[in-house]
Amino acid sequence: MLMRKVPGFVPASPWGLRLPQKFLFLLFLSGLFTLCFGALFLLPNSSRFKRLFLAPRTQQPGLEVMAEVPGHPPAREQESPPNPAPAAPAPGEDGPSSQASTRRRKGWLRRTHPTRPREEATAARSSGVEALRPQEASIPFSFDFNAFRSRLRHPVLGTRTDDTEEPQNLVKTQREKIKEMMQFAWQSYKRYAMGKNELRPLTKDGYEGSMFGGLSGATVIDSLDTLYLMELKEEFQEAKAWVEENFHLNVSGEASLFEVNIRYIGGLLSAFYLTGEEVFRTKAIELGEKLLPAFSTPTGIPKSVVNFKSGSNRSWGWTMAGSSSILAEFGSLHLEFLHLTELSGNQVFAEKVRHIRKVLRKIEKPFGLYPNFISPVSGNWMQHHVSVGGLGDSFYEYLIKSWLMSAKTDMEAKDMYYEALKAIETHLLNVSPGGLTYIAEWRGGILDHKMGHLACFSGGMIALGAEDAEEDKRAHYRELAAQITKTCHESYDRSDTKLGPEAFWFNSGREAVATQLSESYYILRPEVVESYMYLWRQTHNPVYREWGWEVVMALEKHCRTEAGFSGIQDVYSSIPNHDNKQQTFFLAETLKYLYLLFSEDDTLSLEDWVFNTEAHPLPVNHSDSASRVGDQL
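Residues numbered from 1 in each chain as written. Predicted model: local features only at pLDDT ≥ 70, side-chain atom pairs only at ≥ 80, totals over all residues. Heavy atoms only, no water.

Here is the rule we go by: UniProt positions are given in the numbering used here, feature names are shortened, and annotations may be inferred rather than shown by experiment.
The name an unreviewed UniProt entry assigns to the chain is alpha-1,2-Mannosidase, from the organism Molossus molossus. If you open the UniProt record of the chain and go to Cofactor (unreviewed entry), you find "Ca(2+)". Word for word, the UniProt comment on the chain under Subcellular location (unreviewed entry) is "Golgi apparatus membrane".

### Things to note about the overall build of the chain
Inclusion rule: Helix and strand definitions follow DSSP, with helices as H or I runs of at least four residues and strands as E runs of at least two, each counted in order from the N terminus. Here's how the labels work: a residue is buried when its accessible area is under 20% of the maximum for its type, exposed when over 50%, partly exposed in between, all with a 1.4 Å probe on protein chains only. Contact between two residues is taken to exist if any of their heavy atoms lie within 4.5 Å; hydrogens are not considered. Calculation of accessible area relied on Shrake-Rupley with a 1.4 Å probe; when residues are assessed, cover is drawn exclusively from the protein chains displayed.
Along the backbone of the chain there are 19 helices and 24 strands. Every one of the 633 residues in the chain was classed for burial, and the buried ones make up 54%. Long-range contacts, defined here as pairs at least 24 residues apart, represent 70% of the contacts in the chain between residues at least 6 apart. In the form shown here, the chain has an accessible surface area of approximately 28,800 Å², with 54% of it arising from carbon and sulfur atoms.

### Quick notes on the pattern of salt bridges
We apply this condition: We count a salt bridge whenever a side-chain nitrogen from Lys or Arg sits within 4 Å of a carboxyl oxygen from Asp or Glu.
Scanning the model with the defined rule gives 26 salt bridges in all. As a salt-bridge pair, glutamate 238 and lysine 190 come within 2.7 Å of each other at their nearest N and O atoms. Taken together, the residues glutamate 238 in helix H7 (residues 233-246) and lysine 190 in helix H5 (residues 170-193) connect sequence positions 48 residues apart. Judged by relative accessible area, which is 38%, lysine 190 ranks as partly exposed. In this structure, a network of salt bridges that share partners links the residues Lys177, Glu180, Glu556 and Arg560.

### Details of the pairing of strand E20 (residues 510-513)
The two faces of a sheet get side chains in turn, since along a regular strand they alternate between them. Quick reminder of the rule: DSSP bridges decide pairing: two strands pair if at least two such bridges lie between them.
Pairing between strand E19 (residues 503-507) and E20: 3 bridges, direction antiparallel. Paired with asparagine 507 across the bridge in E20 is arginine 510. Remark: 2 residues form the turn of the hairpin made by E19 and E20, two consecutive strands paired antiparallel; serine 508 in that turn has positive phi of roughly 50°.

### Some words on the nonpolar core
As a reminder, the rule being used: Only buried residues count toward a nonpolar core. Its members are Ala, Val, Leu, Ile, Met, Phe, Trp, Tyr and Cys residues joined through side-chain atoms within 4.5 Å. Throughout the structure description, domain borders are defined by an automatic or database domain assignment.
The biggest cluster of nonpolar side chains holds 157 residues, and the ones touching the most others in it are Leu215, Val243, Phe247, Leu499 and Leu555. Looking at this core element by element, the count peaks at 12 residues for helix H8 (residues 257-275). Split by domain, the residues of this core number at least three in each of domain 1 (144-151 + 166-363) and domain 2 (387-582). Once residues within four sequence positions are removed from consideration, leucine 215 is found in contact with Asn197, Glu208, Phe247, His248, Leu249, Val251, Val260, Tyr264, Leu287 and Phe308.

### What to know about the state of the cysteines
To be explicit about the condition: Any two cysteine sulfur atoms lying within 2.5 Å of each other are counted as a disulfide.
With the rule as written, the count across this model stands at 1 disulfide. Paired by a disulfide, cysteine 456 and cysteine 488 hold their sulfur atoms 2.1 Å apart. An S-S torsion of about -95° defines the bridge between cysteine 456 and cysteine 488 as left-handed. One end of the pair, cysteine 456, is in the loop between strand E18 (450-452) and helix H15 (458-466); the other, cysteine 488, is in helix H16 (residues 474-493), and 32 residues separate them in sequence. Residue cysteine 456 is classed as buried on the basis of its relative accessible area of 1%. Owing to a relative accessible area of 2%, cysteine 488 belongs among the buried residues under this scheme.

### Looking at the packing of H5 against helix H19 (residues 584-597)
Axis angle and axis distance: for two packed helices, these are the angle between their axes and the distance between the axes, and together they describe the pair. Where we set the bar: To define axes, lines are fitted to C-alpha atoms, for helices over the stretch in contact only, and angles between the resulting N-to-C directions are given on a 0 to 180 degree scale. The scheme is simple: roughly parallel for angles under 35 degrees, roughly antiparallel for over 145, roughly perpendicular for 65 to 115, oblique for anything else. Take the far helix as your reference; a near helix turned counterclockwise from it by less than a right angle gives a left-handed crossing, and one turned clockwise gives a right-handed crossing. Residues are grouped as follows: Ala, Val, Leu, Ile, Met, Phe, Trp, Tyr, Cys and Pro are nonpolar; Asp, Glu, Lys and Arg are charged; every other residue, Gly included, is polar.
Where H5 meets H19, the closest approach of the two axes is 9 Å, and the angle between their N-to-C directions is 165°. Relative to H19, the element H5 lies roughly antiparallel. When you trace H5 past H19, the crossing you get is left-handed. Between H5, through Arg175, Ile178, Lys179, Met181, Met182, Ala185 and Trp186, and H19, the contact on the second element is made entirely by Leu587, Leu591, Leu594 and Tyr595. Along the lines of polarity and charge, the residues of the contact of H5 with H19 split into 9 nonpolar, no polar and 2 charged.

### Section: the sheet that holds E20
Read from one edge to the other, the open sheet built from 3 strands follows the order E18-E19-E20, with strand pairing classed as antiparallel. Two strands in the sheet have a free side with no partner beyond their single neighbour: E18 and E20. Between one strand and the next, the sheet's axes are offset by a mean angle of 15°, whatever the strand orientation. Contacts from H16 reach E18, E19 and E20 within the one sheet, and its direction differs from that of E19 by about 105°.

Printed below as a string of structure tokens:
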């Protein structure tokens, strides 16, 4: 209908609305739109209508972004169903190296179970920032200790009976005597040198030395698992309290990578696995991180010495003008570093030692032998000196023990071990005119017909690996292990003190004896009784306990002093001159192996544990998924 123009009349709008009315109408529409759209955020996550309008975030399956909200503690992760495997991430998964490093990270990735239901986000009203989902919160890495213990096949301390029911037999009396020796050694250390690295029993004071970079309490750390094993409960609590209150890692000296690893990290790891006490785990991981700068070399082969303050590294000055790394040192990290990854979730530890293997597999080896010195810069052997004793020993030990610790899945370690053993048999093994089997040292094709005390561990090593050799070789290796161990016993039996020298020769009609005073000392070393223990467990031949008891009596007669045990300077003197040092490995190894020699086979069963080269027990990976940590844990 056409409206006539009347003077004084103006239409409000084309729709017949005045301006105020139009404003109110638009205000109403905008409010209705806001109400409807805002309601989408109140719908459940499963709402189809919500998914139609709000596209979900894109992410990889099983991977969620983790971050921390300032001012808010991380939310707890939803409890997962019981899982028999340890709560360590699989190789290649991301995880914090420690609780401290976890808190420092702001946006790291963590694997989650893709099928786990997600919890709803809640508003962080105090800051006005939306809280992250529990699975997206930064949480410390955790290790399921109870699940780990449930997978052990034997009780840690064996099947024990009530003391009142156990017969008072000779073996128990012998075991109790060794326990008393440990208690005396510990109490002497505690009285005169607590917190120092070693006890000097003649002067009744402590000794620090420079080998550990300013770390203290080496005897404490080395003794923890032996005290636990022997059920010296009060003494163990004393040691634990010292670690909690006095073991500080803010040191700044130069430390031996090898010695800190086998004594401190090995001791802390085993103490954690035996007790579940968190202080041991966290200290081991923190200390492991302080050793990582040693690996900063062109080849990834670590240098022997690391400076805790600067992070610099160097080789020992006496190794080919300070340019070489030592086979036994960089080759004896594998067991401990895999367990550092297991307990921290930080793959860097495992990656470092696996890379060492990679380098050694590629490099050409003379006659299949591994020389003792290699350049960490070029990756070339520095000289063709081969020894199963000092400088080489524990490299071979860690190959067979890596195989065993992996629950026999680390085929690389197994192959390397048996290949090396074959080369040793071919080029180093000898039998003396008197019928004693020994492993000589090799220098570019020329043999030194001597065997060091350190090489006497090899009888036990060969026995330990005999079971998994080719079937037609197993009996041969068992016999070889027995013959080498017999030779080492002869080195003890042919001395006036019934203790063995540091090195013994086979030449000029003399066999299994030292030929000079500089090799005639005994510093409480464990390698011979270590082999007795392994041979006893394999054969139950009573001769090994007889030989072990001879060592106990010799230690009591010649090495026990008023304030601890001391090494002696000449095993061929019936009136020995003491060296005034109670070595940490006497408590960690010698007394432990003697105690196990007189214990039942299920005490620290070899089915469940391998011993590092300082005799610290580390668990076999009985995980249901052995490939998880390892192709090689």
